[in-house]
Amino acid sequence: MSKKEFMSGDEAFAFGVKLAKPEVIAAYPITPQTIVVERLSDYVADGDLDSQYIHVESEHSAIMAALGSSAMGARTFTATSSQGLLYMAEGLPYVSGSRFPVVMMNANRATAVPWSIYNDHNDSMMFLNSGWIQVYVEDAQEALDMAIQAFRLAEDPRVMTPVMVNLDGFVLTHTYELVEIPDQELVDRFLPPYQTEHKMSLDAPKSVCIGVGPEYHMEFRYRQHHDFDHFPDVIREIDSEYREKFGRGYGVLSEQYRCEDAEAVLMTVGSITGSVREVVDDLRAEGIRVGVMKLRYLRPFPTEDILSLPESVKAIGVLDKNLSYGYEGTVYTNVNSALSRGNRRIPTKDYICGLGGRNISKENIRQIYLELLNPAAIQEGEKVSFVNLHLDQEVDKNG
Amino acid sequence: MAENKKMTLNNLPEEELFFGHKACPGCGGSLTLRLVMKVLGPNTFVVVPANCMSAVSFYYPAMNFGCNALASAFPCTAATMSGIEAAARAKKLEDYTVVGFAGDGGTADIGLQALSGAIDRNDRIIYICYDNEAYMNTGVQESGLTPFGAKTTTSPAGKVQHGKLTHKKNLFDIITAHGIPYAATASVGYPQDLINKVAKAKACQGTSFLHIMAPCPTGWSVPIDSTVSVAKEAVECGLWYLAEYENGEYKLNKDPKEFTPVGDYIRKQGRFKHLNEDEIREIERQRDATWVRIHEKW
């Protein structure tokens, strides 16, 4: 029997990890991820989770200890945020290139300087090229569910690729919601113990994390690249089985909401999606045809989903909580590339928003939709804009 | 429990666990690995960070370890071993050893944080620093364990700077300050002493650390058949010492009554060729200070 509990995003994710029964946890604390590692420490200390918790001395050590553990065929978890993720940078392609299915939770947080503990996506966006699967969740329930799904996905023999599950810092990690907790037995059936031949073992010794010269390197990379082609099918399969067992599913790489006859669509990533859906409902109630497309996975990228948007769509906006300085938001780059691949000519506009925790109001979102409803202006105008920017604001002397 | 027969140079296993690699002739590092692996045996998980030893042995398709081995990133030999050890505990493996081989830079510079963490956790791993006194893999650059005055490609024998400006970091003290269960220094010039210490490390239930002097003929500019003799001379002239730290107690395995002249050791090596008499005296002064401290403290 499943039950419901009031939990923050961090707590829900930690509980999901507990249900997934990792054999090894290697993590270093950083705000706003800390609650995840604290809860997991509690579970281990109380004997509620039979796992080896390695108190590593840095995020670099966390990811490399995770590499060592996963190379032994042990189910392995780590968690971090922002600067910690950046400190892990060297280890990320080590893990993905070696095809070890580590699962990581990343609390999305701005990157220094100016330093900030608040939310944006500049941390994880830096690592779209790291060879990791990246998924972004919207609420605490999805956080818990994806903690479980992530292990199943990473460890699937057709995948064998690490998964980074992203939760918006504070907005999601520290916000309490009612969360349905799946039954452990059901989770055990959905996610049996990790078994693999791809490991070091005393019976069949091997060398791992090898070096490759120019004569073979491209072929390794080609295979790693094209293995991603199959991931959407595996993700679909896993999500539908999850829906069967637990009564909740999340679609596949993306989720469209009221896009069927929409004239304007906003692309979102993460927790902002809920507010955007509400604005969509408000506008629909006024007879204005708008929709929202939540991009759940950024690797693999939902190219086909974007190309499946109906012909009614005359303009697309992208809410980018990140910025590739001097150019544009990274999600925008990817969305435009997808449209180009399908030869779809739809005017697009990038809305840089929420950097360093800047608020995005429903009114901001409403204004964006109204702007998108004028496709000719979108076509002609500036492509990159900043939401809720106040360049002339007075510094509050009282702090 | 039957006591294992003591391993000696005469009864070392025939089986080679590190072979067919592409190390330079006379390489002290690969000699270290070969000897250590014979003592540890095939039930061993090896970690080698980015260094000469991984560069010569993990290059696809030729793999040169006869046991499980992982080529890890430069800063985290110890952390990778901790991950392996944690997984081995989780899987309740028995009769195995986890060992790492990092160089002087990989240990005393970039790898120090991870090593300190592993000792703090007292993970049951053997950390081996094979010390050839510079970043040899990248072409002989200065490390924290490069000795005073040695010429490297980043501490050249220039007109105003004469090789390395500072003395070798005191790595052994850094390690023992952690209260580690077992630590020792050793040398490829004293293979039986080295074998004994590896055997002790293998039996240790917590973290153990071996700091092994392993000359690099390429980087030191000495003949390729002099690796062992130059390693011996380092001990004889007092610039290296053979010691152990066990259960909080220090022990000198060799306490020379008198040292051979430092100049004799220095003059044979191209890396010290530029040094003047004052600089050699400075090396002797530092050596003597080290030994006074050793005799007082230990």
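Everything below is about the structure printed above this text.
Note on numbering: residues in each chain are counted from 1, in written sequence order. The lettering of chains begins at A and the numbering of ligands begins at 1, in the order of writing. The predicted origin of the model limits local features to residues at a pLDDT of at least 70 and limits the giving and counting of side-chain atom pairs to 80 or more, whereas totals for whole chains, interfaces and linings rest on all residues. Remark: hydrogens and water are excluded; side-chain values derive from all non-hydrogen atoms of the structure.

A. Representation of the sheet that holds strand S5 (residues 103-108) of chain A within the structure. Residue and element names in this part refer to chain A. Read across the open sheet, the 7 strands follow the order S3-S2-S4-S5-S7-S6-S13; overall the sheet is mixed. Since the sheet does not close on itself, it has two edges, and those belong to strand S3 (52-55) and strand S13 (297-299), each with one partner. Recorded for the sheet is a direction-independent mean angle of 20° between the axes of neighbouring strands. Note: two strands are recorded as paired if DSSP finds a minimum of 2 bridges between them. Helix and strand labels come from DSSP, where a helix needs a run of H or I of at least four residues and a strand needs a run of E of at least two; each type is numbered from the N terminus. Of the pairings in the sheet, the one linking S5 to strand S7 (residues 163-168) comprises 6 bridges and is parallel in character. Bridging from a neighbouring strand, Ala-107 pairs with Leu-167 of S7. Across the sheet, helix H2 (residues 34-45) touches strand S2 (24-27), S3, strand S4 (76-81) and S5, and the angle it forms with S3 is around 130°. A fitted line through C-alpha atoms serves as each axis, taken over the contacting stretch for helices, and the angle formed by two N-to-C directions is quoted from 0 to 180°. Any two residues whose heavy atoms approach within 4.5 Å are treated as being in contact.

B. Just the pairing of S3(A), in detail. All names here are of chain A. In terms of strand pairing, S2 meets S3 through 4 bridges, oriented parallel. Residue pairing across strands places Val-24 opposite Gln-52, the latter belonging to S3. Each parallel crossover has a hand, and the one from S2 via H2 to S3 is right-handed. A clockwise path from the first strand over the helix to the second, with the strands pointing away from the viewer, defines a right-handed crossover.

C. View of the environment of B:Asp255. Residue and element names in this part refer to chain B. Its place among the elements puts Asp-255 in the loop between strand S8 (249-252) and helix H10 (262-267). A simple rule labels every residue: compare its accessible area, found with a 1.4 Å probe on the protein chains alone, to the largest value its type can have, and call it buried under 20%, exposed over 50%, or partly exposed in between. Take Asp-255: its relative accessible area is 40%, and that puts it in the partly exposed class. The spatial distance from the C-alpha of Asp-255 to the C-alpha of Trp-291 is 9.5 Å, given a sequence separation of 36 residues. Beyond its immediate sequence surroundings of up to four residues, Asp-255 is in contact with Trp-291 and His-295.

D. Structural context of the interface of chain A and chain B. Across the contact, 38 residues belong to chain A and 38 residues belong to chain B. Considering only the surface of chain A that becomes buried against chain B, A:Glu57, A:Met72 and A:Leu202 emerge as the three largest contributors, covering 22% of it. Any Lys or Arg side-chain nitrogen located within 4 Å of an Asp or Glu carboxyl oxygen qualifies as a salt bridge. Summed over the shared surface of chain A and chain B, the number is 2 salt bridges. One salt bridge in this structure joins A:Glu57 and B:Arg121, with 2.7 Å as the shortest N-O distance. Think of a polar contact as two N or O atoms within 3.5 Å of one another; within protein, one of them needs to be a possible hydrogen donor and the other a possible acceptor, and neighboring residues in sequence only count if both atoms come from side chains. Counting every contact that joins chain A to chain B gives 16 residue pairs in polar contact (both at pLDDT 80 or more). If you list the elements that add at least two residues to the side of chain A that touches chain B, you get S3, helix H3 (59-70), strand S9 (207-208) and helix H9 (214-227) of chain A. Here the side of chain A that touches chain B gets 7 residues from one element, more than from any other, and that element is H3(A). Bridge count for S9(A) against strand S2 (residues 68-71) of chain B is 2 bridges, and the pairing is parallel. Note: buried area is the sum, over both parts, of the accessible area (probe 1.4 Å) each one loses when the two are combined.

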